[in-house]
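Given next are the chains, with one letter for each unit.
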Amino acid sequence: MRTRLLAVLLLSCALMPMARAAEFATKPEAEAMVHKALKYWKANGNDKTYAEIDKKDGQFTDRDLYVVIYGLDGTVRAHGANPKMIGKNLMEIRDIDGKFFIKERIELAKKKKPFWQDYKFTNPTSGKIEPKTMYCVPEEDMVVCGGVYLK
């Protein structure tokens, strides 16, 4: 009996990191989500895509991963986690360390290449400010982004 209990305990400990990892999105999942949003946009256009991204329980929100679309002026066009941000220009906001992360994001987007960007932001699932990395792909006059919180 003791051996079985020990085996169950060891197996539980071995599986805990995998279960914990499944709670949070990964970088490959963020990249896939952004590319899925771009594919959806190419098939459906701006209005339908923005509306779909804005749905908190839609296909572009998964655990702590959600898609955001910015215009190249820093205005939020769609936001999968916070509808209050839609239509706001965020060029002057800073993270907790004083980093103008949207301004930096737009400058990176103007180079017309996909990129990752690090900053700190409030995690919608924990409500805490956490380190985050955002994968962004510039397309026409916008940048499509999805990020993961770093644990």
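Remember, predicted model here, so these are calculated numbers, not experimental data.

Draft legend 1. Looking closely at the layout of surface pockets. Space inside the largest pocket adds up to approximately 170 Å³. Lining the largest pocket are 18 residues; nearest its centre among them are Y66, H79, N82, M85 and F121. Residue assignment for the lining of the largest pocket shows that the elements contributing at least two residues are β2 (65-71), α3 (101-109), β4 (115-122) and β5 (129-139). Residue composition of the lining of the largest pocket, grouped by class: 13 nonpolar, three polar and two charged.

Draft legend 2. The nonpolar core, seen in detail. Core analysis: the biggest nonpolar cluster contains 20 residues, and I53, F60, V67, I69 and V144 have the highest contact counts within it. Sort the elements by how many residues they give to this core and helix α2 (residues 27-54) lands first, with nine residues. Setting aside its immediate chain neighbours within four residues, F60 contacts M33, K36, A37, Y40, E52, I53, L65, Y66 and V67. Listed in part, the 18 residues of the second largest apolar core include V76, Y119, C145 and Y149.

Draft legend 3. Highlighting the pattern of salt bridges. Under the criterion given, the structure shown has eight salt bridges. Here E107 and K110 are joined by a salt bridge, their closest N and O atoms 3.8 Å apart. Accessibility expressed as a relative area gives 47% for K110, which makes it partly exposed. Among the charged side chains, a salt-bridge network with shared partners connects E29, D62 and R63.

Draft legend 4. Spotlight on the state of the cysteines. This model, assessed by the stated rule, comprises one disulfide. Paired through a disulfide, C136 and C145 show a sulfur-sulfur distance of 2.2 Å. The disulfide joining C136 to C145 has a torsion of about 115 degrees about its S-S bond and is therefore right-handed. This pair shows no difference in class: C136 is buried, exactly as C145 is.

Draft legend 5. View of the pairing of β4. The sheet contact formed by β4 and β5 spans eight bridges and is antiparallel. Its bridge partner lying in β5, W116 is registered against Y135. The turn joining β4 and β5, which pair antiparallel and follow one another in sequence, is formed by six residues; a positive phi near 75 degrees is taken by G127.

Analysis parameters
Residues numbered from 1 in each chain as written. Predicted model: local features only at pLDDT ≥ 70, side-chain atom pairs only at ≥ 80, totals over all residues. Heavy atoms only, no water. 1 Å grid on protein atoms, 1.4 Å probe; cavity = no way out; pocket = protein on both sides within 12 Å on 5 of 7 lines; lining within 4 Å. Points joined across faces, edges and corners; volume = space filled by probe spheres on them. Helix = DSSP H or I, 4+ residues; strand = E, 2+ residues; numbered from the N terminus. Nonpolar A, V, L, I, M, F, W, Y, C, P; charged D, E, K, R; others polar. Core = buried A, V, L, I, M, F, W, Y, C linked by side-chain atoms within 4.5 Å. Buried < 20%, exposed > 50% of the residue type's maximum accessible area, 1.4 Å probe, protein only. Contact = heavy atoms within 4.5 Å. Salt bridge = Lys/Arg side-chain N within 4 Å of Asp/Glu carboxyl O. Disulfide = S-S within 2.5 Å. Pairing = 2+ DSSP bridges.

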